[in-house]
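Chain and residue survey
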Amino acid sequence: NNNPDALFLSNIIWAYAKLRVQPSPQLANSLLAWTAQGASQMGPQMISNSLWGISILSTAPTSSSSSSLTSFLMSPGPNLLKALDRRVAQLLPEFKSQEISNVMLAYGRMTYFPKAVFGSSPMLIDSV
């Protein structure tokens, strides 16, 4: 297995977003594909950092390099988001308030409402 580990991936995505630097199209595609594959190994903070970073990078002003990230999220990206959403739903009771707020901010920024996390209601799950 030549894929980086989940912590490494979430930190890289978070760092690119924090610095407001778009990764190259090739790197963006690799990071997001590896993240989709490793989502089941992520804990709450890794998921939170990844979703927050993805939301920052995918909603940044479009340039030739950033359009790759946005197009990835619109094509194979739903698999990435579905994988992360499943993990959020599985671990939601373990999330700290900062992790929940980062996830909510990310979903809002992407105008994305995952039913895997919220069911059919936009209300946050009562167990949180």
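What comes next is a walk through the structure. (Residues numbered from 1 in each chain as written. Predicted model: local features only at pLDDT ≥ 70, side-chain atom pairs only at ≥ 80, totals over all residues. Heavy atoms only, no water.)

1. Focus: the overall build of the chain
Test applied: Secondary structure elements follow DSSP: runs of H or I of four or more residues count as helices, runs of E of two or more count as strands, with numbering from the N terminus. Burial classification: accessible surface area is computed with a 1.4 Å probe over protein chains only, and a residue below 20% of its type maximum counts as buried, one above 50% as exposed, and the rest as partly exposed. In this analysis, two residues are considered to be in contact whenever any of their non-hydrogen atoms come within 4.5 Å of each other. Only the protein chains shown count as cover for residues, with accessible areas throughout obtained via the Shrake-Rupley method and a probe of 1.4 Å.
For the chain, the helix and strand inventory stands at 7 helices and 0 strands. Ordered by position in the sequence, the α and β elements of the chain form the string α-α-α-α-α-α-α. Going through the 128 residues of the chain one by one, you find that 41% of them count as buried. Taking all contacts inside the chain whose residues are at least 6 apart in sequence as the whole, residues at least 24 apart take part in 76%. Carbon and sulfur atoms form 56% of the exposed surface of the chain, whose accessible area is close to 6800 Å².

2. Observations regarding the packing of aromatic side chains
Remark: the centre distance and the inter-plane angle together describe each pair of aromatic rings, the angle taken between the planes. Just so we agree on the cut-off: Working definition: rings of Phe, Tyr and Trp (its six-membered ring) pair if their centres are within 6.5 Å, and the pair is stacked with planes under 30 degrees apart, edge-to-face with planes over 60 apart, and tilted otherwise.
One pass over the full model with this rule turns up 1 aromatic pair. Ring geometry for Tyr107 and Tyr112: centres 5.6 Å apart, planes at 55 degrees, overall tilted. Residue Tyr107 is classed as buried on the basis of its relative accessible area of 2%. Note on Tyr112: relative accessible area 24%, which makes it partly exposed.

3. Some remarks on unusual backbone geometry
You will see that Arg20, though not glycine, has its phi angle at about 55 degrees, which is positive. A relative accessible area of 58% places Arg20 in the exposed class. Here the phi dihedral of Thr111 falls at roughly 45 degrees; this positive angle occurs in a residue that is not glycine. The topology assignment puts Thr111 in the loop between α6 (97-109) and α7 (115-118). Look at Thr111 and you get exposed, because its relative accessible area is 72%.

4. Concerning empty space enclosed by the protein
Test applied: Buriedness of a pocket was judged along seven lines, with at least five required to meet protein on both sides within 12 Å; pockets are open sets of points on a 1 Å grid over the protein atoms alone, cavities are sets where a 1.4 Å probe fits but cannot get out, and lining residues have an atom within 4 Å of a point. Grid points are joined across faces, edges and corners, and a volume is the space filled by probe spheres set on the points.
Overall, the coordinates contain 2 cavities of 30 Å³ or more when judged by the stated rule. By volume, the largest cavity is sized at about 60 Å³. Around the largest cavity sit 10 residues that line it, and Ile13, Pro23, Leu31, Leu32 and Leu57 are the ones nearest its centre. Those elements that place two or more of their residues in the lining of the largest cavity are α1 (6-19), α2 (25-38) and α3 (44-58).

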